[in-house]
Amino acid sequence: MIDQLYRKAVLTVSGQKFVEDLVRSRGWRVAQRFVAGEDAASALRAVRELEGDGILGNLDLLGEFIDSPEQCSAFAERVLSLLDQANAAGIPPYVSVKLSSVGQGQTVNGEDLGLTNARRIVSRAKGYGGFVCLDMEDHTRVDQTLTQFRLLVNEFGNETVGTVLQSYLYRSEADLAALQDLRPNLRIVKGAYLEPPSVAMPDKADVDASYRRLVYAQLRAGHYVNVATHDERLIEDVKHFVLAHGVRRDAFEFQMLYGVRRDLQKELARQGYRVRAYIPYGRDWYPYFSRRIAETPRNALFVLRGMLKG
Ligand code: FDA
């Protein structure tokens, strides 16, 4: 409950224009802990650095609040260019995409623009042996995202496209069951949006219990799972589960956010687990940055200290 109140307070305050202006002008230096840079070259450099620690990368071009069809298609072009640049640099392109940023919900030439653009992105990634994960946004987009995920898996295969389920949503276990015929590649997260209690569990213990059920169900079914959390207790539980059930280490991976629990990321990689860092970059870093601060007061203190140092 306190977690929820804290998150709500941060997201409300960070939504104020003057706070955004202040953080944008003074906060870039601190934001760099969580955001790899403003362009693709910086993001690719971050992938190379992580490689040194045995950690894989998942590139995410930040771009929320893009709304016209032209902006969405221009954004999709930038993702295509990222795939080209990664491939040219010899980095297997693994990217995450928010369907809203490429036009989900807008009909152009009789088709959802998000689906049209996602198809172009997934097709390009497939040509390079890459992978595209469709990020999950707020609950109003879940139905359409899962429908479009199904279409894309049928067209390009589950080795090229995956999506995300959020354990705070009551519906996620039913969604997982309904996706099983696809042998889906799923990232399981707790969920980062401010959701009403009618759709999302308000109690952290319930969210964690639901998280375990989702991950274990995927592992039992033998479908690839991306265990995306910084929660050490959950990570330990998953390690025990895979050991007890003889799950191979190449049947799952741990995922964490760039700049968060770097010690734990390195340690898991050292122990021989597959670990992937989600590497956001781009000029539009503020909303992403606000969500990270909303996750833990430790980050708010880190940012305040950094900004006060000037
Ligand atoms: P929780 O928030 O319970 O934190 C557990 C512990 O981890 C904390 O006590 C703290 O020690 C540490 N920790 C967590 N967050 C931290 C932070 N920001 N800074 C420092 N320490 C932190 N969400 C979504 O809705 N849709 C999506 O598509 C994705 N995608 C995604 C990809 C990847 C790779 C990750 C890791 C996460 C996401 N998320 C997401 C975000 C996710 O829903 C969730 O908000 C965060 O991961 C925080 O939850 P934890 O599972 O880490 O646990």
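The rules behind the values
- Residues numbered from 1 in each chain as written.
- Predicted model: local features only at pLDDT ≥ 70, side-chain atom pairs only at ≥ 80, totals over all residues.
- Heavy atoms only, no water.
- Salt bridge = Lys/Arg side-chain N within 4 Å of Asp/Glu carboxyl O.
- Helix = DSSP H or I, 4+ residues; strand = E, 2+ residues; numbered from the N terminus.
- Polar contact = N/O pair within 3.5 Å; in protein donor to acceptor, adjacent residues only side chain to side chain.
- 1 Å grid on protein atoms, 1.4 Å probe; cavity = no way out; pocket = protein on both sides within 12 Å on 5 of 7 lines; lining within 4 Å.
- Points joined across faces, edges and corners; volume = space filled by probe spheres on them.
- Nonpolar A, V, L, I, M, F, W, Y, C, P; charged D, E, K, R; others polar.
- Axes fitted to C-alpha atoms, helices over the stretch in contact; angles between N-to-C directions.
- Parallel < 35°, antiparallel > 145°, perpendicular 65-115°, else oblique.
- Left-handed = near helix turned anticlockwise from the far one by under 90°.
- Contact = heavy atoms within 4.5 Å.
- Expected span 1.5 Å × (residues − 1).
- Buried < 20%, exposed > 50% of the residue type's maximum accessible area, 1.4 Å probe, protein only.
- Arc of directions from axis to C-beta.
- Core = buried A, V, L, I, M, F, W, Y, C linked by side-chain atoms within 4.5 Å.
- Pairing = 2+ DSSP bridges.

Engineer: Any chance you could explain the pattern of salt bridges here in plain terms?
Structural biologist: Side chains carrying opposite charge are able to pair once their charged atoms draw close together. Across all of its chains, the model carries 25 salt bridges by this definition. Salt-bridge contacts for Asp231 lead to Arg233; the nearest nitrogen and oxygen are separated by 3.6 Å. A network of salt bridges, in which partner residues are shared, links Lys190, Lys204, Asp208, Asp231 and Arg233.

Engineer: Sorry if this is basic, but what is going on with the side chain of Asn185 here?
Structural biologist: Within the fold, Asn185 resides in the loop between helix 8 (172-179) and strand 7 (186-189). At 2.8 Å, the side chain of Asn185 and the side chain of Asn226 are in polar contact.

Engineer: Is there a simple way to think about empty space enclosed by the protein in this case?
Structural biologist: The method is simple in principle: a probe with the dimensions of a water molecule rolls over the atoms, and the space it marks as empty is what remains. Throughout the structure, instances matching the rule amount to two cavities of 30 Å³ or more. Lining of the second largest cavity is provided by Arg7, Leu11, Ala192, Arg291, Ala294 and Glu295. At the level of elements, helix 1 (2-14) and helix 12 (286-295) are the ones that each hand at least two residues to the lining of the second largest cavity. It is helix 12 that contributes the most residues to the lining of the second largest cavity, three residues altogether. The class makeup of the residues in the lining of the second largest cavity is three nonpolar, no polar and three charged.

Engineer: I keep staring at the packing of helix 7 (residues 142-156) against helix 8 and nothing clicks. Help me out?
Structural biologist: Helix packing for two helices is described by the angle between their axes and how far apart those axes are. Running from amino to carboxyl end, helix 7 crosses helix 8 at an angle of 15 degrees, the nearest separation of the two axes being 12 Å. Relative to helix 8, helix 7 is oriented roughly parallel. The element helix 7 and its partner helix 8 pack so that their crossing is right-handed. For the pair formed by helix 7 and helix 8, the contact residues are Val142, Leu146, Phe149 and Arg150 on the first element and Asp175, Ala178 and Leu179 on the second. Looking at the contact of helix 7 with helix 8 residue by residue, the class counts come to five nonpolar, no polar and two charged.

Engineer: Even after reading the chapter, I still don't get helix 7, so can you show me in this structure?
Structural biologist: Side chains three or four residues apart in an α-helix point the same way, a direct result of the helix having 3.6 residues per turn. Taking 1.5 Å as the rise per residue, helix 7 with 15 residues should run 21 Å; its terminal C-alpha atoms sit 20 Å apart, in good agreement. For helix 7, the full list of buried residues reads Val142, Thr145, Leu146, Gln148, Phe149, Leu152, Val153 and Phe156. Each buried residue of helix 7 sits inside an arc of 165 degrees when the element is viewed along its axis, so together they form one side. Away from the buried face of helix 7 by more than 90 degrees, exposed residues Asp143 and Asn154 are located. Looking at the buried positions of helix 7, the neighbouring elements they touch are strand 4 (111-112), helix 6 (113-127), strand 5 (131-134), strand 6 (161-166) and helix 8. Immediately beyond the C-terminal end of helix 7, within one or two residues, lies Gly157, with a positive phi of roughly 95 degrees.

Engineer: Would you mind going over unusual backbone geometry with me for this structure?
Structural biologist: With phi around 50 degrees, Arg183 is a residue other than glycine that occupies positive phi space. Its location among the elements puts Arg183 in the loop between helix 8 and strand 7. Judged by relative accessible area, which is 48%, Arg183 ranks as partly exposed. If you check the backbone angles, Arg261 has positive phi at about 50 degrees while not being a glycine. Summarising the element assignment, Arg261 is placed in the loop between strand 9 (252-257) and helix 11 (262-270). Assessed through its relative accessible area of 21%, Arg261 is described here as partly exposed.

Engineer: Looking at this structure, how should I read the layout of surface pockets?
Structural biologist: When its volume is computed, the largest pocket comes out at roughly 1,400 Å³. In this structure, the largest pocket is lined by 50 residues; those nearest its centre are Arg7, Lys190, Gly191, His230 and Glu295. Among the secondary structure elements, those contributing two or more residues to the lining of the largest pocket are helix 1, strand 6, strand 7, helix 9 (204-221), helix 10 (232-244), strand 9, helix 12 and helix 13 (297-309).

Engineer: Can you walk me through the nonpolar core in this structure?
Structural biologist: Side chains of a nonpolar character, in soluble globular proteins, are inclined to be buried together. Core analysis: the biggest nonpolar cluster contains 83 residues, and Ile121, Val215, Leu219 and Ile279 have the highest contact counts within it. Here this core takes eight residues from helix 5 (residues 69-88), the largest share from any one element. What Val215 contacts, discounting residues up to four positions off in sequence, is Ile188, Val225, Val227 and Val238. Residues Leu257, Val260, Phe289 and Ala294 belong to the second largest nonpolar core, which totals 14 residues.

Engineer: What exactly am I supposed to notice about the sheet that holds strand 9 here?
Structural biologist: Strand-to-strand pairing in sheets goes through backbone hydrogen bonds, with the strands running parallel or antiparallel. Spatially, 1-2-5-6-7-8-9-10 is the arrangement adopted by the eight strands of the closed barrel, whose pairing is parallel. Within the sheet, the average angular offset between the axes of one strand and its neighbour, ignoring direction, is 30 degrees. Against the sheet, helix 5 engages strand 1 (56-61), strand 2 (94-97) and strand 10 (275-281), with an angle of about 155 degrees to strand 1. Helix 6 contacts strand 2, strand 5 and strand 6 of the sheet and is inclined by roughly 150 degrees relative to strand 5.

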